[in-house]
Amino acid sequence: MARLELDHLVKRYGRGGEPAVQDLSLEVNDGEFVCLLGPSGCGKTTTLRLIGGFLKPDAGDVRIDGTSILKEPPERRPTAMVFQRYALWPHMTVWDNIAFGLQVRRRPRDEIARRVEAALELVGLPAMGRRYPAQLSGGQQQRVALARALVLEPRILLLDEPLSNLDAQLRVHMRTELTAIQRRVGITTVFVTHDQEEAMSIADRIAVMNAGVLEQMDSPEEIYAQPATLFVATFIGTMNRLDAHVDAGWVRAGPFVAALPDIGRLNAGSGASVDGALVAGVRPEDLVLETAGQGVPARIDSVVDLGHYRRVTLTAEGTSLLAFVPRSEPIPTDRLTVAPRRLLLYADGHLLATSEGGVKRSGSNASGSTGGGSPSISAISSAIEPGKGAIPLGPWPVRK
Amino acid sequence: MTTASLPKPEVAPGLRLTWFWDVPEFRRAMGLVLVLALSSFLLLPLLTLLLWAFADEWRYPGVVPQSASLKWWDWVLTNGDVGSAVRYSFMTAPVVTLIAAIICLPAAYSFSRFRFPGRRTLFISLLAANAFPKIGLYVAIATLFFRLNLMGTYWGVVLIQLVGTLVAMVWIPAAGFDSVARELEDAARDAGAGPLRVFWSITLPLAMPAIVVASFLAFIAAFDEAQGTLIVGSPTIVTMPTLMYTLVVNYPEPVGAIFSILLSAPSVILLLIARRFLLAGYLAAGFKGR
């Protein structure tokens, strides 16, 4: 069991080109399951191959339990890799495939037999030892590849999109099985995928990468709720992107307006100017549709029933928005208003602030509001939890 | 009644000159004729060869020999020159194959796995020996061999036979090494095997079918080589193909026919085995490389 550290890794292919991996630093704790997630070409597989020793970094260090393994060739690294297309040796039986690494290490014959049987048992293929890889289904080959990696009892398990070659149903099944095996063995695991649903469902923490840069590393919940960059915000899940700017203590984001109490603090904290053009993000499920509510009047363009929720496209003040409405909630048709429950604010692509609740249209004629100032302000402040300020400020941008 | 159910208006058969193409029986018959024509083209000469091999007397009007006998078989099989030629053939061809393997397999591996300047040019230039009439090349080599005292020697014959084996022995194994996916080698490194162990346990076994087939082809090329061997080897080293020249010119037809059959036997057997290797299971069913 081990702790993996990547320290300012840089990898360039060819001379002068854009680095495939740029100044990547991250840590994977003992027994943790981390997903490297990103679009194709983002450097996630390169990172995995740097850890496995199949590529040499141009700069930086890879450490396991504090010891650099950079000088070790792949065969001497305490890592084991499951390849995307399994890479089982077609001229060897399943048993020989799994035993190969132990035979190379010159383990005694009875120990090899015992450990191969145990590995086959672990992945649920106890009777398949005599078959050849070509005689197995995709899912079975996948398990053999996993057994072949685990039988060597590596300190770090590396998985390169191992589920991407399986059909959808089997993929979901293998996902659960993979996490179960990983938990049972308790092995530190790095899993590369471009499938965000896969990453969200199996990882302890997700490292989102884009263009060779680590955008954010957090738990799946945190990644979804507080995407640190605009890339993460739009890559993970769905996000309404609204052009925004600061206007005298208010944030105008598309049709919505939110109070921004402490511009000075924001400017000082982020280093990014909040005076320029900003981008606001609203998750479709965070849009509240009401009849004559306190939001912005809107018109429904289309409703698509997707079973457990409905996908509603609507237009509010000329801005087109996407909302997810649960099946249990009605979709108002008469005097429809829309308001975001929650809003994320980005400057230069980095998260500046999040606002929980109480974001609505300024200057609307919302009735029934109390308190001083314009009706809209009171409507906002009343919707905010006491003591948190108008906009609870989110995590400051992770990079300086 | 709808318009869709109306039958299509028929074209009167007499109006089209090629109407018979549409008759299935005709097309089937044409196919059969084609197959027969092709197979007779390939097989009739072989049949004639077989008939000659067992003929005692076969003169003009006869479609088949007038009388058959095995006496020429007896003559050929007990002839001292034939025995010596068989011995020389089997002394040279396997050695040529072995040397070709030793020289060419590392080259094939390098062509497949390494990128170096001039790689493509070198790879293509292997064809050079086959691009010109061989006899010119052999005569040129012969003048060199005279100076090196290789004319009429065993090693001279081996060297000249080697020329014809190089292309097959580099190109086919190179394709074999190419077909071994890099991931399979990476996986073996990952499992703890050093580069040499990876080569012996993964790369070589997976490229083996191609290597075996290439070796067979090299063996056959060396075994059947006549021109170069004739120029370099005779009169001391006479292999089966060079003896053939003498036999055809100096003896009655059955001798040439019998000797042809003896000469083609190893090639036919090896090609049949090679075919099995090419169709062998795991390459077809297994891991397809990128």
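Residues numbered from 1 in each chain as written. Chains lettered and ligands numbered in written order. Predicted model: local features only at pLDDT ≥ 70, side-chain atom pairs only at ≥ 80, totals over all residues. Heavy atoms only, no water.

Draft legend 1. The confidence of the model for chain B, seen in detail. Mean pLDDT over chain B stands at 85; residues scoring 70 or higher make up 90%. Across residues 281-290 of chain B the pLDDT falls below 50, and counting only partners more than four positions away or on other chains, this stretch makes 23 contacts in the model. (pLDDT = per-residue confidence, 0-100. Contact = heavy atoms within 4.5 Å.)

Draft legend 2. Representation of the sheet that holds strand S18 (residues 319-326) of chain A in the model. Residues and elements named next belong to chain A. Sheet architecture is open: five strands sit in the order S15-S19-S16-S17-S18, paired in antiparallel fashion. Each edge of the open sheet is held by one strand with a lone partner, namely strand S15 (287-291) and S18. Each neighbouring strand pair of the sheet contributes to a mean axis angle of 45°, computed without reference to strand direction. Bridge count for strand S16 (residues 296-305) against strand S19 (residues 336-340) is two bridges, and the pairing is antiparallel. Bridge pairing links valine 296 to valine 338 in S19. (Pairing = 2+ DSSP bridges. Helix = DSSP H or I, 4+ residues; strand = E, 2+ residues; numbered from the N terminus. Axes fitted to C-alpha atoms, helices over the stretch in contact; angles between N-to-C directions.)

Draft legend 3. Geometry of the nonpolar core. In this structure, A:Leu4, A:Leu26, A:Trp89, A:Ile98, A:Phe100, A:Leu146 and B:Ile202 are the most contacted members of the largest nonpolar core, which totals 136 residues. Among the elements that make up this core, the one with the highest residue count is helix H10 (residues 195-224) of chain B (15 residues). Dropping the residues within four chain positions of it, A:Trp89 is found in contact with A:Asn97, A:Phe100, A:Pro133, A:Arg148, B:Leu184, B:Ala187, B:Ala188, B:Ala191 and B:Ile202. Judged by nonpolar contacts, the second largest core, of 26 residues, contains A:Phe256, A:Leu287, A:Val338 and A:Leu343. (Core = buried A, V, L, I, M, F, W, Y, C linked by side-chain atoms within 4.5 Å. Buried < 20%, exposed > 50% of the residue type's maximum accessible area, 1.4 Å probe, protein only.)

Draft legend 4. Representation of the pairing of strand S6 (residues 79-82) of chain A within the structure. All names here are of chain A. Here S6 shows a buried face lined by Thr79 and Met81 and a second buried face lined by Ala80 and Val82. Judged from the four bridges that link them, S6 and strand S7 (residues 156-160) form a sheet pairing that is parallel. Paired with alanine 80 across the bridge in S7 is leucine 157.

Draft legend 5. Up close: the environment of A:Ala233. Residues and elements named next belong to chain A. As for its position among the elements, alanine 233 is in helix H8 (residues 230-235). Taking C-alpha positions, alanine 233 is 9.0 Å from arginine 283, a pair spaced 50 residues apart along the chain. If we skip the residues at most four places from it in the chain, alanine 233 touches Pro227, Met239, Arg283 and Tyr346.

Draft legend 6. Highlighting the packing of aromatic side chains. According to the stated counting rule, one finds 20 aromatic pairs over all chains in the structure shown. Here the aromatic rings of B:Trp72 and B:Trp75 are separated by 6.3 Å at their centres, their planes lie at 70°, and the arrangement is edge-to-face. Placement of the pair is B:Trp72 and B:Trp75 together in helix H2 (residues 71-78), with a separation of three residues, close to one helical turn. Taken together, the ring pairs connect B:Tyr109, B:Phe114, B:Phe177, B:Phe199 and B:Trp200 into an aromatic cluster. Positioned over the ring face of A:Trp89 is A:Arg148, at 4.2 Å from the centre of the ring. The residue whose ring lies beneath A:Arg283 is A:Tyr224, and the NZ or CZ to ring-centre distance is 3.9 Å. (Phe/Tyr/Trp six-rings, centres within 6.5 Å; stacked < 30°, edge-to-face > 60°. Lys NZ or Arg CZ within 6 Å of the ring centre and 35° of its normal.)

Draft legend 7. The environment of B:Ala101, seen in detail. All names here are of chain B. Mapped onto the elements of the fold, alanine 101 is located in helix H3 (residues 80-113). A relative accessible area of 17% means that alanine 101 is categorised as buried. Remark: the alpha-carbon pair of alanine 101 and isoleucine 269, spanning 168 residues in sequence, is separated by 20 Å. When sequence neighbours within four positions are dropped, the list of residues in contact with alanine 101 reads Pro106 and Met169.

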